Amino acid sequence: MSLYFRPIIQTDLKIPSDAVPLNGGPLWFDHVEPLERGAVHAAMPASDLPTAFLDQLTSPRVLPGLPKDRAALMGVLNVTPDSFSDGGKFTDPETAIAHAQAMVAAGADILDIGGESTRPGAALVPEVEEVARTAPVISALRAAGIEIPISIDTRKAAVAEAALSAGAGMLNDVSAMTYDAAMAGTAKRSGAPICLMHAQGDPETMQKDPHYHNVLLDVYDHLAERVAAAEAAGISRDRIIVDPGVGFGKTQAHNLALIRGLSLFHTLGCPILLGVSRKRFIGNIAGVERAEDRASGSVAVALEGLRQGVQIIRAHDIEVHRQAFALWRALHT
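A brief report on the enclosed structure follows. (Residues numbered from 1 in each chain as written. Predicted model: local features only at pLDDT ≥ 70, side-chain atom pairs only at ≥ 80, totals over all residues. Heavy atoms only, no water.)

Comments concerning the state of the cysteines
Summed over all chains, the structure comprises zero disulfides. Residue cysteine 195 stays outside any disulfide, its sulfur separated by 9.7 Å from that of cysteine 270, the closest cysteine. Of the residues examined, cysteine 195 reaches a relative accessible area of 0% and is grouped as buried. (Disulfide = S-S within 2.5 Å. Buried < 20%, exposed > 50% of the residue type's maximum accessible area, 1.4 Å probe, protein only.)

Here is the structure:
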């Protein structure tokens, strides 16, 4: 059976002499939790880790155009009529540009533009329609003087190609290149970073009966396979981001298990993206029905992501996240 190693991340400013810095930053660990299917292991000293795992955990994670000394804040801009929390609000280009400018002013480091809803139950959007929703908005954002990186949230290569031509510089594929095999070629040719996300099933059916043998290890194995497939297609690991896909084919219990075990994904050797903003499980736990009222709960989960060393936080409510992150960094660095 495979053995996995989850670093037990610490934030205390009093750092022991035998501590290992996570990704070369201020977070550290001196013990790891070995994980194995069907077995329970005691924590072990980090110094006993195999060299390959230790190298993956200590190497810096740097992406072009994003902060090198803190987690990046990714602002969500859905130009869709049916996204779960903001569908229909930004389909007008002028409204989309104004919202993007407001997110940049509030502190967004990157914008993620989506033209196909991936909420539970959402239907497939034809390529032509998705291109028509996203590419003109990206062009308009660049024409309006927005210079920060722009990501295209799509699982279709043709949509990605159009977005890159319009001024996007990153790909965010919720299918981890399993929906459209041509996405790998697009990523390779462009040299753009690509985020590979785990999802069980497609948006239309993913929440009907999600099940796993061990959600943390099953998601890890899937992402490890997709990272290997990306490398085999000629995409270098330093251009790959991983996302455990909270809410995509997962129950509330699955989501919580993934968030508690986030630090495991550092052993993949890629930056981690966490997208939990306004999701249903936050509303269920906090007793908040409307998605747009879940900012406080979203921040609480995002701070746990920071504590575990996540490099990119995807969020709708940029200002409240920026404030919380600034205070968190002041306390822990």
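Looking at the pairing of strand β14 (residues 312-315)
Of the two faces of β14, the one carrying Ile312 and Arg314 and the one carrying Ile313 and Ala315 are both buried. Two strands pair when backbone bridges link them, and strand β13 (residues 273-275) and β14 are joined in this way by three bridges, in the parallel orientation. The residue bridging leucine 274 from the neighbouring strand is isoleucine 313, located in β14. (Helix = DSSP H or I, 4+ residues; strand = E, 2+ residues; numbered from the N terminus. Pairing = 2+ DSSP bridges.)

Structural notes on the nonpolar core
Within soluble globular proteins, side chains that are nonpolar generally end up buried alongside one another. With 84 residues, the main nonpolar core has Phe29, Leu77, Leu111, Leu141, Leu171 and Phe265 as its most contacted residues. It is helix α6 (residues 215-232) that provides the largest number of residues to this core, a total of eight residues. Those residues in contact with leucine 111 that lie beyond four places of it in its chain are Gly75, Ala100, Met103, Val104, Leu141, Ile146, Ile148, Pro149, Ile150 and Ser151. Residues Leu63, Ile110, Cys195 and Ile312 belong to the second largest nonpolar core, which totals ten residues. (Core = buried A, V, L, I, M, F, W, Y, C linked by side-chain atoms within 4.5 Å. Contact = heavy atoms within 4.5 Å.)

What about the packing of aromatic side chains?
Following the criterion strictly, the structure yields three aromatic pairs and no others. Look at tyrosine 4 and tyrosine 220: their rings are 5.4 Å apart centre to centre, the planes differ by 90°, and that puts the pair in the edge-to-face class. Linking tyrosine 4 in strand β1 (residues 3-7) with tyrosine 220 in helix α6, this pair joins segments that are 216 residues apart in sequence. For the residue pair tyrosine 4 and tyrosine 220, the accessibility class agrees, reading buried in each case. When the centroid spacing of 6.0 Å and the interplanar angle of 35° are considered together, the rings of tyrosine 220 and phenylalanine 265 count as tilted. (Phe/Tyr/Trp six-rings, centres within 6.5 Å; stacked < 30°, edge-to-face > 60°.)

With respect to the environment of alanine 100
Its place among the elements puts alanine 100 in helix α2 (residues 93-106). Taking the relative accessible area as the measure of exposure, alanine 100 reaches 0% and is therefore buried. For the pair alanine 100 and glycine 75, spaced 25 residues apart in the sequence, the C-alpha separation amounts to 8.0 Å. Among all residues touching alanine 100, those that are not within four sequence positions of it are Leu77, Leu111, Leu141 and Ile146.

Comments concerning the side chain of serine 151
Counting through the fold element by element, serine 151 comes out in strand β9 (residues 150-153). The class of serine 151 is buried, set by a relative accessible area of 0%. Polar contacts involving the side chain of serine 151 include one to the side chain of aspartate 112, which spans 2.7 Å. The residues contacting serine 151, other than those within four sequence positions of it, are Met74, Ile110, Leu111, Asp112, Ile113, Met170, Leu171 and Asn172. (Polar contact = N/O pair within 3.5 Å; in protein donor to acceptor, adjacent residues only side chain to side chain.)

Examining the pairing of β1
Counting buried positions along β1 gives four out of five residues, so the element sits mostly inside the fold. In the sheet, β1 pairs with strand β4 (residues 31-36) via five bridges, with the strands oriented antiparallel. In the strand pairing of β4, proline 7 is matched with valine 32.

What to know about the sheet that holds strand β10 (residues 170-173)
Strands pair in a sheet through their backbones, by hydrogen bonds, and they do so in one of two ways: parallel or antiparallel. In spatial order, the strands read β12-β11-β10-β9-β8-β7-β14-β13; together these eight strands make up an open sheet with parallel pairing. Because the sheet does not close on itself, it has two edges, and the strands there are β12 (240-243) and β13. Strand-to-strand twist of the sheet, defined as the mean angle between neighbouring strand axes without regard to direction, takes the value 25°. Packed on one face of the sheet, helix α10 (residues 318-332) meets β7 (72-78) and β14 and runs near 170° to β7. (Axes fitted to C-alpha atoms, helices over the stretch in contact; angles between N-to-C directions.)

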